[in-house]
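# Structural features, examined
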Amino acid sequence: MSISKNQLKLITSLSQKKYRQKHDLFIAEGVKVLNELLNSTFEIETLFCTDDFEATISEEKVVRISETELKKVSTLKSPNKALGIFKIPKEKAVQNSGLTIALDAINDPGNLGTIIRLCDWFGVTQLVCSKDTVDCYNQKVVQASMGSLTRVSIHYTDLENYITKSNLDTFIADMDGENVYKTKLPKEGILIMGNEANGVSEEIKSLLQHKISIPRFGETQETESLNVATATAILLSEFKRSY
């Protein structure tokens, strides 16, 4: 078998958010990511793979292709055996409990994918994103999340409205905040992480209750800021260590 013109057109179109939303489909690549998705509740639409990929799904949904064909549709520098089209699952209701990460206008797919992995690692099951945060079904996000997308519930909503309605304590990472290593952090709460260039918006800042900071220990004290995913990792570690 080979990829049809219609299938090729669909795969190409799914690189754009508007077509992912139109078809309720997204693309995933790579053996590890695909195996995570195939072994989860995510539903496969079509799996395109070379003969040496062991597919554990109905052959009706498998299209065997050559390495040359895979290279034509892959976004990876080194395509490795398979590409899958999956159905985007319906969003679950937002839970007003536990520890939640909220993202304000995160633009970089790699950062979002890494933050999804961090949520999975630290047992944070819910990630709330502003509507202008990069789409979690962007191929680069899916790749960077390395399968953690299957275990973290992700919501896109009006962040101001979400924070206003929540009864949980809210936290923001801020250079002028209280030293996180000297702060007693709660088991439940919302930790808001901001845009790579501009941080958390002033509108969101005005709603927050607590500011926490990650102190600089370098002698020169000249490092301007941490990458948002790196900062998220440090803060999540401290939240989990506190109880």
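Everything that follows concerns the structure shown earlier in this document.
Predicted, not measured: the structure shown is a model, and the values here were computed from it. (Residues numbered from 1 in each chain as written. Predicted model: local features only at pLDDT ≥ 70, side-chain atom pairs only at ≥ 80, totals over all residues. Heavy atoms only, no water.)

What follows deals with the sheet that holds strand S4 (residues 82–87). Overall, mixed pairing links the 4 strands, which are arranged S1-S4-S2-S3 in an open sheet. The open sheet has two edge strands, strand S1 (25–29) and strand S3 (62–64), and neither has a second partner. On average, adjacent strands in this sheet sit at an angle of 15 degrees to one another, irrespective of strand direction. Summarising the sheet, strand S2 (residues 44–49) and S3 pair through 3 bridges and their orientation is parallel. When the sheet's bridge partners are listed, Cys-49 is paired in S3 with Arg-64. Where helix H1 (residues 5–13) meets the sheet, it contacts S1, S2, S3 and S4, and its direction lies at approximately 75 degrees from that of S4. (Pairing = 2+ DSSP bridges. Helix = DSSP H or I, 4+ residues; strand = E, 2+ residues; numbered from the N terminus. Axes fitted to C-alpha atoms, helices over the stretch in contact; angles between N-to-C directions. Contact = heavy atoms within 4.5 Å.)

Here we take up the packing of helix H5 (residues 109–121) against helix H9 (residues 228–241). Taken N-terminus to C-terminus, the directions of H5 and H9 make an angle of 15 degrees; their axes are 9 Å apart at the nearest point. Taken together, the axes of H5 and H9 lie roughly parallel to each other. Pair H5 / H9 crosses with right-handed handedness. Only Val-228, Ala-229, Thr-232, Ala-233 and Leu-236 of H9 make contact with H5, whose side of the interface consists of Asn-111, Thr-114, Ile-115, Leu-118 and Cys-119. Here the residues of the contact of H5 with H9 sort into 7 nonpolar, 3 polar and no charged. (Parallel < 35°, antiparallel > 145°, perpendicular 65-115°, else oblique. Left-handed = near helix turned anticlockwise from the far one by under 90°. Nonpolar A, V, L, I, M, F, W, Y, C, P; charged D, E, K, R; others polar.)

Attention now moves to the side chain of Gln-126. Its place among the elements puts Gln-126 in strand S6 (residues 126–130). Taking the relative accessible area as the measure of exposure, Gln-126 reaches 5% and is therefore buried. At 3.0 Å, the side chain of Gln-126 forms a polar contact with the side chain of Thr-100. A distance of 3.5 Å separates polar atoms of two side chains, one belonging to Gln-126 and the other to His-155. Once you skip the residues sitting within four places of it in the chain, Gln-126 turns out to touch Ala-93, Val-94, Gln-95, Thr-100, Ile-101, Val-152, Ser-153, His-155 and Tyr-162. (Buried < 20%, exposed > 50% of the residue type's maximum accessible area, 1.4 Å probe, protein only. Polar contact = N/O pair within 3.5 Å; in protein donor to acceptor, adjacent residues only side chain to side chain.)

Tallying each qualifying case throughout the model produces 10 salt bridges. Among the ionic pairs, Glu-202 bridges to Lys-205, the shortest N-O distance being 3.8 Å. One end of the pair is Glu-202 and the other is Lys-205, both in helix H8 (residues 202–205) and 3 residues apart, which spans about a single turn. Judged by its relative accessible area of 56%, Glu-202 is exposed. Given a relative accessible area of 26%, Lys-205 falls into the partly exposed group. Between Arg-241 and Glu-238 there is a salt bridge, and its shortest N-O distance comes to 2.8 Å. Separated by 3 residues within a single helix, Arg-241 and Glu-238 lie in helix H9, roughly one turn from each other. The network of salt bridges with shared partners includes Lys-32, Glu-36, Asp-120 and Arg-151. (Salt bridge = Lys/Arg side-chain N within 4 Å of Asp/Glu carboxyl O.)

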